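Below are the chains, spelled out letter by letter.
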Amino acid sequence: MSNSLSPVAYDGKIEGNVIFTQVDAAINWMRSNSLWPMPMGLACCAIELMAASSSRFDISRFGAEVMRFSPRQSDVMIVAGTVTYKMALAVKRIWDQMPEPKWCIAMGACASSGGMYRSYAVLQGIDHLIPVDVYISGCPPRPEALLDGLMRLQKKIMTEHALVDQKKELLESL
Amino acid sequence: MTSDEMTDRIRAAFPQAITGQNRFRDETSLSIQPDSIRVVCEFCKSTLGFNYLIDVSSVDHFGEEPRYEVVYELYSMRDAVHLRLKTTVSEDDARIPSVADLWPTADWHEREAYDMMGITFTGHPDLRRILMWDGYPYHPLRKDFPLQGKPSEMPGVAFTEVAPLAGGPFVTIPTDGTTQVREPRARHAGELPTREKFLSEP
Ligand code: SF4
């Protein structure tokens, strides 16, 4: 069912620029093209996250250049770096403060699986604490890989139902 | 003043306190009795002009007594002289006087040694853990603590699990072999890789 959504629109010029589409498709199209990231830069991967905003890679081509340092205003948390246990609960707390709909990108080996830090101090993957939508491999991933992950997330958003899939916590609380 | 003159003056002031002296690559190390370390540090700061404490670190000589060693790296900006002071701390009574009031930088260095090695610095203004969270039950840099960690639980504060090592830990061991022989791989304690062993079971 969730794959049956399509962003098909009909722009009737004769009727005078009236557009027919599905509500889900329209909302998803708007959401996926204005993803405001919460930059959770914890280690070296954050440098590549910064590079993705620069003119050579230009993350704003995909509508995700508005780095919000306030969780209340952001849509996607990009966990870029090594998550130590001491930091893990702060990351979780910021995630809980983000309003739905929200998504998470685990950028790099450390955020995805603990990376090379098989040690007493490092959480072995941020998915132990928060649900992850896209994992990006690499140590660090190049900015192109981050952009690829972002585009995959956009594709994923286009297949979800704008209310049922993306506002689960809200529906449960009702 | 050179470091030799400095050590001579410490020796003259505290003849009983110094148990050993070592010189390696133009760096002088002095071993000090644990109960004199505080007065020797005060003397170094006020009389000899060691106005910069580079580092306070700790060493675990597991299986020996006294088990721990605390190392102070002193530097005199005025004379450009480096001096290393070492003292021992026993396992049963892992306490040593703090020098945080002499050099404020010792505050965080001593907190790190307390967190990682479990050495208590008496008289420290704020002896809390600095890297792990308050209430973590272990001291991870002790030799008897496994690299992958031990599970611990502090609901609402933090938690740890054992990290998967997949046959590890993967370590290098100094040897005369090539980089292939030296490369990190799963090894057990006491096992020294040789070139022959590597070629027979790569
Ligand atoms: S994955 Fe590599 S580059 Fe990224 S935070 Fe970990 S160690 Fe640094």
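All of these numbers come straight from a predicted model, not from anything done at the bench. (Residues numbered from 1 in each chain as written. Chains lettered and ligands numbered in written order. Predicted model: local features only at pLDDT ≥ 70, side-chain atom pairs only at ≥ 80, totals over all residues. Heavy atoms only, no water.)

Caption draft 1: Quick peek at the overall build of chain B. Looking only at helices and strands, chain B has five helices and eleven strands in total. Of all intrachain contacts in chain B linking residues separated by at least 6 positions in sequence, the fraction that spans at least 24 positions is 41%. Put simply, chain B shows about 11200 Å² of open surface, and 52% of that area lies on carbon and sulfur atoms. (Helix = DSSP H or I, 4+ residues; strand = E, 2+ residues; numbered from the N terminus. Contact = heavy atoms within 4.5 Å. Areas by Shrake-Rupley, 256 points an atom, 1.4 Å probe, with all protein chains shown as cover.)

Caption draft 2: Region of the structure containing the packing of helix α1 (residues 23–32) of chain A against helix α5 (residues 143–158) of chain A. Residues and elements named next belong to chain A. With their axes 9 Å apart at the nearest point, α1 and α5 run at an angle of 160° to one another. Of the possible angle classes, the one that applies to α1 and α5 is roughly antiparallel. α1 and α5 meet at a crossing whose hand is right-handed. Every residue of α5 that contacts α1 at A25, N28, W29 and S32 is listed here: Q154, I157 and M158. Residues of the contact of α1 with α5, tallied by class, amount to four nonpolar, three polar and no charged. (Axes fitted to C-alpha atoms, helices over the stretch in contact; angles between N-to-C directions. Parallel < 35°, antiparallel > 145°, perpendicular 65-115°, else oblique. Left-handed = near helix turned anticlockwise from the far one by under 90°. Nonpolar A, V, L, I, M, F, W, Y, C, P; charged D, E, K, R; others polar.)

Caption draft 3: Fine view of the interface of chain A and chain B. Tallying the contact residues gives ten residues for chain A and 20 residues for chain B. A buried area of about 1200 Å², summed over both sides, lies between chain A and chain B, and 69% of it is on carbon and sulfur atoms. Contact with chain B buries surface across chain A, with A:Y85, A:K86 and A:Y120 losing the most and accounting together for 57% of the total. In this assembly, chain A and chain B are joined by zero salt bridges. Across the side of chain A that touches chain B, the residue classes tally to five nonpolar, three polar and two charged. (Buried area = accessible area lost by both parts, 1.4 Å probe. Salt bridge = Lys/Arg side-chain N within 4 Å of Asp/Glu carboxyl O.)

Caption draft 4: Spatial organisation of helix α2 (residues 37–46) of chain B. Residues of α2(B) that are buried include every one of B:I37, B:R38, B:V40, B:C41, B:F43 and B:C44, and no others. Of the surrounding secondary structure, the elements contacted by the buried residues of α2(B) are α1 (3–13), β2 (27–32), β4 (68–76), β5 (81–89) and β6 (95–97) of chain B. (Buried < 20%, exposed > 50% of the residue type's maximum accessible area, 1.4 Å probe, protein only.)

Caption draft 5: Representation of the sheet that holds strand β3 (residues 37–41) of chain A within the structure. All names here are of chain A. An order of β3-β4-β5-β6 is seen for the four strands of this open sheet, with the pairing classed as parallel. Bordering the open sheet on either side are β3 and β6 (134–136), each of which pairs with just one other strand. Between one strand and the next, the sheet's axes are offset by a mean angle of 15°, whatever the strand orientation. (Pairing = 2+ DSSP bridges.)

Caption draft 6: Representation of the site of the ligand. Neighbouring the ligand are the residues A:A43, A:C44, A:C45, A:G81, A:T82, A:A109, A:C110, A:M116, A:G138, A:C139 and A:P140. Of the residues that constitute the shell around the ligand, the class distribution is eight nonpolar, three polar and no charged. (Near = heavy atom within 4 Å.)

Caption draft 7: Examining the environment of B:A80 more closely. Residues and elements named next belong to chain B. Structurally, A80 can be placed in the loop between β4 and β5. Among the residues examined, A80 registers a relative accessible area of 51% and is labelled exposed. Separated by 78 residues in the primary sequence, A80 and T2 have C-alpha atoms spaced 8.4 Å apart.

Caption draft 8: Up close: a nonpolar patch on the surface. All names here are of chain A. On the surface, L163, V164, L170, L171 and L174 cluster together into a nonpolar patch covering about 480 Å² of accessible area. With respect to the element layout, L170 can be found in helix α6 (residues 168–173). For L170, a relative accessible area of 37% puts it in the partly exposed group. (Patch = residues over 30% accessible without salt bridge, like charges linked within 9 Å, V, L, I, M, F, W, Y side chains within 5 Å.)

Caption draft 9: Representation of the side chain of B:T87 within the structure. Residue and element names in this part refer to chain B. Mapping T87 onto the fold places it in strand β5. When its relative accessible area of 1% is taken as the criterion, T87 is described as buried. Polar contacts involving the side chain of T87 include one to the main-chain carbonyl oxygen of I32, which spans 3.0 Å. Look past the residues within four positions of T87 in its chain and what remains in contact with it is I32, Q33, P34, I37, Y68, E69, V70, Y72 and I96. (Polar contact = N/O pair within 3.5 Å; in protein donor to acceptor, adjacent residues only side chain to side chain.)

Caption draft 10: Fine view of the pairing of β3(A). Residue and element names in this part refer to chain A. Of all five residues making up β3, four are buried, and the element is well covered by its neighbours. Alignment of β3 against strand β4 (residues 76–80), held across five bridges, turns out to be parallel. Each bridged residue has a counterpart across the sheet, and for M38 the counterpart in β4 is M77. With helix α2 (residues 45–53) bridging β3 and the parallel β4, this β-α-β connection has left-handed handedness. (Right-handed = clockwise from strand over helix to strand, strands pointing away.)

Caption draft 11: Local environment of the layout of surface pockets. Here the largest pocket defines a volume of roughly 260 Å³. If you trace the largest pocket, you find it lined by A:W95, A:E100, A:K102, A:W103, A:P131, A:D133, A:E160, A:D165, A:Q166, A:K168 and A:E169. (1 Å grid on protein atoms, 1.4 Å probe; cavity = no way out; pocket = protein on both sides within 12 Å on 5 of 7 lines; lining within 4 Å. Points joined across faces, edges and corners; volume = space filled by probe spheres on them.)

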